[in-house]
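Understanding the architecture of this molecule
The chain contents come next:
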Amino acid sequence: MIECWRLDSPATSLVLVSHNGRLPEVLHFGARLADGENLVALYRAAISDVTGGMIDARPLMSVCPLREDVFPGAQGTDADFQPRFVSAEEEPNSLSLTFADGQAQYRLDVTLDAETDVWSLTAHLSGVEANWLTAPAFPVPSDSDHFVTYSGKWIGEFQENRVDWVTGAHVREVRDGRTSHEAFPGVLIPCDDGFIAAHLGMSCGHRFVAEQLPDGRRQVQFGPMLGRTETEITAGPLYLTRAQNRNGVTANLHAHFRRHIRALADPERPRPVHYNCWEAVYFDHDEVLLRDIAIRAAALGAERFVLDDGWFGLRDDDTTSLGDWQIDPRKWPDGFSAFIEHVNTLGMTFGIWFEPEMINPVSKLYETHPDWILGEADQPLGRQQLVLDMTKPEVIEYLFEQIDAVLSNYKIDYIKWDHNRVLPFPDHRQVRATYALMDRIRAAHPGVEIETCASGGGRIDWGMLSRTSRVWLSDSNDALERMRIQAMAAPWLPPEITGSHVGPRQCHTSHRILPMELRAWVAAQRSFGFEMNLLELSPEESDTLSRVSTWWKANRDWMHSGSHHKLSTRDPEQFAEMIVSADKTRFAVWLGQRGAPADILPDRLRFDGLENRPYRVRRISHFDGGWLSRGDNALKDENGVQLYGQSLMSFGLQPPVLTPASILVLEGEAA
Ligand code: GLA
């Protein structure tokens with residue numbers, strides 16, 4: 001006996017089938033099927049033959065492969081149960097299927113936004129002990145020859161890895177207790193019938209399995225790293241989408257993110273230009289200097305001044321005071337009021353740094369509550385600190401009171417919420433408690449936005465981002481490295497929520513000295529800001545920063561509702577992308593040259609996402625090719641060129657020769 005369910009977006013169909021009441025398998029996740037298709041016939045069309053060396057039927061590969069199905073690959077849970085169909089709830093764009101074995105229950109929830117074509121899949125398991133549960137596993141077509149995962153590190157997040165499908169399992173486990181720099185929980189899977197993208201929107205670390213069975217079938221599993229045995233587990237949402245190509249999935253994901261995920265305090269307010277004082281002064285808060293910096297920041301276009309680490313306890317370095325969230329009277333004898341007024345008068349709002357989940361052993365909090373830490377007292381420290389046990393209600397109460405007091409006493413519209421060490425062991429309850437704390441703070445202070453940061457990109461996922469308005473992508477402000485990280489993170493993170501700052505002249509994380517033209521235009525690809533001692537800027541650097549900041553403010557509205565497109569270039573040292581306005585009348589193109597060009601001359605650059613109408617394209621970045629660029633290139637002329645969108649997309653435009661560490665930025669407008 002089989003039972004089938006089907007959901008459709010305009011482009012995609014999902015068909016689930018349950019055999020003899022067992023957990024369903026995804027029979028089809030691919031191109032939209034004909035309306036009247038007979039699902040039983042479809043099922044029959046997929047029944048496999050039986051041959052030697054196998055059991056007398058092809059084992060079921062369900063959304064949660066089980067031992068009882070004699071499944072030969074990675075199992076979807078270690079729970080010992082034999083669930084059978086109980087009930088189905090069907091709506092036009094959602095489906096909920098329940099299966100049970102006595103007290104043990106498995107529920108699969110699928111919801112679809114038919115317009116964005118993003119599917120959210122969640123598995124719930126209760127009434128049985130388990131350490132592991134995958135979010136609903138999905139099959140991958142046999143025409144896919146590889147998939148793309150992410151590795152990374154602090155100051156080097158989002159490194160794409162191409163993995164070829166071979167028989168066996170590619171398994172990755174993140175045991176940091178947070179999303180981690182080392183493995184963003186997403187995968188891109190190019191297939192003939194469409195490009196698939198999947199992302200686990202959870203922040204507790206994950207297990208990823210991409211497996212090809214000896215019979216040729218493939219499955220992908222993504223599930224939370226629980227770190228303990230539970231009798232109630234939620235795995236998901238797993239966001240799943242498909243489109244013609246990479247830019248297509250980026251469009252779906254960004255549309256979905258903008259509609260369902262991002263948490264802006266005031267969606268009407270344009271994303272502000274940030275000034276952050278971290279790499280300017282570190283812990284050395286001197287109000288007189290900061291006032292001067294604030295004046296300069298405002299003059300350069302900043303709209304939000306962020307006071308980073310160093311304002312509380314006796315925090316003169318990172319050995320002390322996490323947990324003591326009271327203003328340091330040595331540095332701020334009169335509190336923040338006068339400083340905030342100064343900042344407000346300059347036209348900026350005020351934001352502040354917290355790292356709520358952490359505690360230094362050298363702190364008043366630790367003296368009073370040594371028992372509040374997660375793990376053993378003699379565990380190794382990380383950045384001189386320990387983690388608070390967020391499952392203790394008294395810890396949450398304390399943190400809420402401390403943060404609430406600061407937010408209630410001062411005019412603050414933003415928190416940079418940091419998380420600078422890995423947990424001593426994975427425990428999914430930590431981040432659930434953090435989510436609840438964030439939700440409570442947001443409810444008490446609806447005007448306050450939160451930026452998620454974990455030494456840069458250690459906690460980037462849609463679970464965290466559904467509570468935050470910005471993400472600190474990386475602690476690397478090195479424009480060359482940042483250009484790569486931004487390009488590789490682009491499918492998952494729309495430009496307006498991806499923080500990007502112009503850092504100090506000599507980059508603190510790479511020691512490279514890069515031109516301001518490059519640094520400023522790379523930051524202008526995303527949520528623009530700057531973070532350096534502004535007193536160090538030469539007049540030329542100030543002019544460049546101010547020019548780019550002015551351009552960004554004049555263009556952010558259409559960029560922040562526009563579409564993002566990766567452009568292909570043959571030169572591995574180049575990164576090219578463009579943002580096109582929703583009405584397709586405007587666009588901006590960035591062509592960055594990281595290292596020395598691979599060839600004597602660059603390729604024509606082909607655009608994407610335009611209509612077939614005339615566009616005027618002109619260069620807006622300064623170009624200085626010196627004697628290396630001797631030709632009569634159209635983009636060297638500030639008037640640019642006018643061409644139809646079709647020509648710009650299929651024929652392309654010839655860029656001039658770019659020197660290493662330089663960038664060409666173009667602007668286009670419908671003529
Ligand atoms: C982390 C962040 C930095 C800064 C410091 C402060 O490293 O990523 O941007 O806020 O903490 O200690």
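This is a predicted model, so every value here is computed, not measured. (Residues numbered from 1 in each chain as written. Predicted model: local features only at pLDDT ≥ 70, side-chain atom pairs only at ≥ 80, totals over all residues. Heavy atoms only, no water.)

**Let's talk about the overall build of the chain**
Selection criterion: Every helix listed is a DSSP run of H or I at least four residues long, and every strand listed is a run of E at least two residues long, numbered separately from the N terminus. Restricting the calculation to C-alpha atoms gives the radius of gyration, and the globule rule supplies 2.2 Å times the number of residues raised to the power 0.38. For the exposure calls, accessible area comes from a 1.4 Å probe over protein chains only, and a residue counts as buried if that area is under 20% of its type's maximum, exposed if over 50%, partly exposed in between. Note on contacts: a residue pair qualifies if any of its non-hydrogen atoms lie within 4.5 Å across the two residues. Each accessible area is a Shrake-Rupley estimate made with a 1.4 Å probe; only the visible protein chains count as cover when residues are assessed. Only four residue types enter the charge count: Lys and Arg as positive, Asp and Glu as negative, with His and the chain ends excluded. One atom stands in for each charge, and that atom is NZ of Lys, CZ of Arg, CG of Asp or CD of Glu.
Counting secondary structure elements, the chain contains 13 helices and 32 strands. For 671 residues, the compact-globule formula gives about 26 Å, and the C-alpha radius of gyration of the chain, at 26 Å, lands near that figure. Along the three orthogonal principal directions, the C-alpha set of the chain runs to about 80 × 70 × 40 Å. Per-residue burial for the chain yields a buried fraction of 61% across its 671 residues. Within the chain, contacts between residues separated by at least 24 positions form 69% of all contacts whose residues are at least 6 apart in sequence. For the chain, the accessible surface area stands at approximately 25300 Å², while carbon and sulfur atoms represent 49% of it. Of the charged side chains in the chain, 65 are positive and 94 negative, and the gap between their average positions amounts to 4 Å.

**Some thoughts on the pattern of salt bridges**
Threshold: Any Lys or Arg side-chain nitrogen located within 4 Å of an Asp or Glu carboxyl oxygen qualifies as a salt bridge.
According to the stated counting rule, one finds 50 salt bridges in the structure shown. Measuring nitrogen to oxygen at the nearest pair gives 2.8 Å for the salt bridge that ties arginine 107 to aspartate 109. Residue classification places arginine 107 among the partly exposed residues on the basis of a relative accessible area of 28%. Between arginine 330 and aspartate 328 there is a salt bridge, with the nearest N and O atoms lying 2.5 Å from each other. One continuous salt-bridge network, built from bridges that share partners, spans Arg269, Arg271, Arg304, Asp413 and Glu449.

**Observations regarding empty space enclosed by the protein**
The test is simple: A pocket here means an open set of points on a 1 Å grid, computed over the protein atoms alone, that has protein on both sides within 12 Å along at least five of seven lines. A cavity is instead a set of points where a 1.4 Å probe fits but cannot get out; residues with an atom within 4 Å of a point line either one. Grid points are joined across faces, edges and corners, and a volume is the space filled by probe spheres set on the points. Residues were grouped as follows: Ala, Val, Leu, Ile, Met, Phe, Trp, Tyr, Cys and Pro as nonpolar; Asp, Glu, Lys and Arg as charged; and all remaining residues, including Gly, as polar.
Across all of its chains, the model carries six cavities of 30 Å³ or more by this definition. By volume, the largest cavity is sized at about 90 Å³. As for the largest cavity, its lining consists of Thr569, Arg570, Asp571, Gln574, Ala598, Asp599, Leu601, Pro602, Asp603, Arg604, Leu605 and Pro655. Residue classes in the lining of the largest cavity are distributed as five nonpolar, two polar and five charged.

**So, the site of the ligand**
Worth spelling out the cut-off: We call a residue near a molecule or strand whenever a single non-hydrogen atom of that residue lies within 4 Å of it. Distance and chemistry together define a polar contact, namely a pair of N or O atoms within 3.5 Å, with one atom able to donate a hydrogen and the other to accept it when in protein, and with adjacent residues in sequence counting only for side-chain atoms on both sides. Assignment of a molecule to a cavity or pocket requires that more than half of its atoms lie within 2 Å of the corresponding grid points.
Near the ligand there are 13 residues, and of these Asp308, Asp309, Arg383, Lys416 and Asp475 occur at the shortest range. Aspartate 418 is positioned such that a nitrogen or oxygen atom in its side chain is 3.0 Å from an oxygen atom of the ligand. A distance of 3.2 Å separates an oxygen atom of the ligand from a polar atom in the backbone of glycine 456. Here the ligand loses 96% of its free accessible area of 310 Å² to cover by the protein chains. When each cavity is represented as a set of grid points, the ligand is found to reside in the second largest pocket. Partitioning the shell around the ligand into residue classes produces four nonpolar, three polar and six charged.

**Things to note about the sheet that holds strand β28 (residues 574-580)**
Where strands meet in a sheet, backbone hydrogen bonds hold them as pairs that are either parallel or antiparallel. Where we set the bar: Think of it this way: DSSP has to see at least two bridges between two strands before they count as a pair. Fitted lines through C-alpha atoms give the axes, limited to the stretch in contact for helices. The angle between two N-to-C directions lies from 0 to 180 degrees.
Taking strand neighbours across the sheet as the criterion, the six strands line up as β27-β28-β29-β32-β30-β31 in an open arrangement whose pairing is antiparallel. Where the open sheet ends on each side, the last strands, each with one partner, are β27 (563-567) and β31 (641-644). Each adjacent strand pair in this sheet contributes to an overall mean axis angle of 25 degrees, direction not counted. Here eight bridges tie strand β29 (residues 586-593) to strand β32 (residues 662-670), and the two strands are oriented antiparallel to one another. Bridge pairing links glutamine 593 to serine 662 in β32.

**Here's the deal with the UniProt feature "active site" (unreviewed entry) in the chain**
We count it as follows: UniProt positions are given in the numbering used here, feature names are shortened, and annotations may be inferred rather than shown by experiment.
Sequence positions flagged by UniProt for "active site" (unreviewed entry) are, in local numbering, Asp418 and Asp475. A maximum C-alpha distance of 11.6 Å is found for the annotated residues, which run over 58 residues; spatially they form one tight group. Checked against the lining of the second largest pocket, the annotated residues reduce to Asp418 and Asp475. With respect to the helices and strands, aspartate 418 occurs in the loop between β22 (414-417) and α8 (428-444). As for its placement among the helices and strands, aspartate 475 is situated in the loop between β24 (470-472) and α10 (479-489). Once residues within four sequence positions are removed from consideration, aspartate 475 is found in contact with Trp154, Ile155, Glu157, Glu279, Ser455, Gly456 and Thr509. Looking at aspartate 475, its side chain comes within polar contact range of the side chain of tryptophan 154, at 3.0 Å.

**What about the UniProt feature "domain: Glycosyl hydrolase family 36 N-terminal" (unreviewed entry) in the chain?**
Look at the UniProt record and you will see "domain: Glycosyl hydrolase family 36 N-terminal" (unreviewed entry) annotated at residues 88-221. As a span, residues 88-221 carries 0% helix and 60% strand, and end to end its C-alpha atoms are 23 Å apart.

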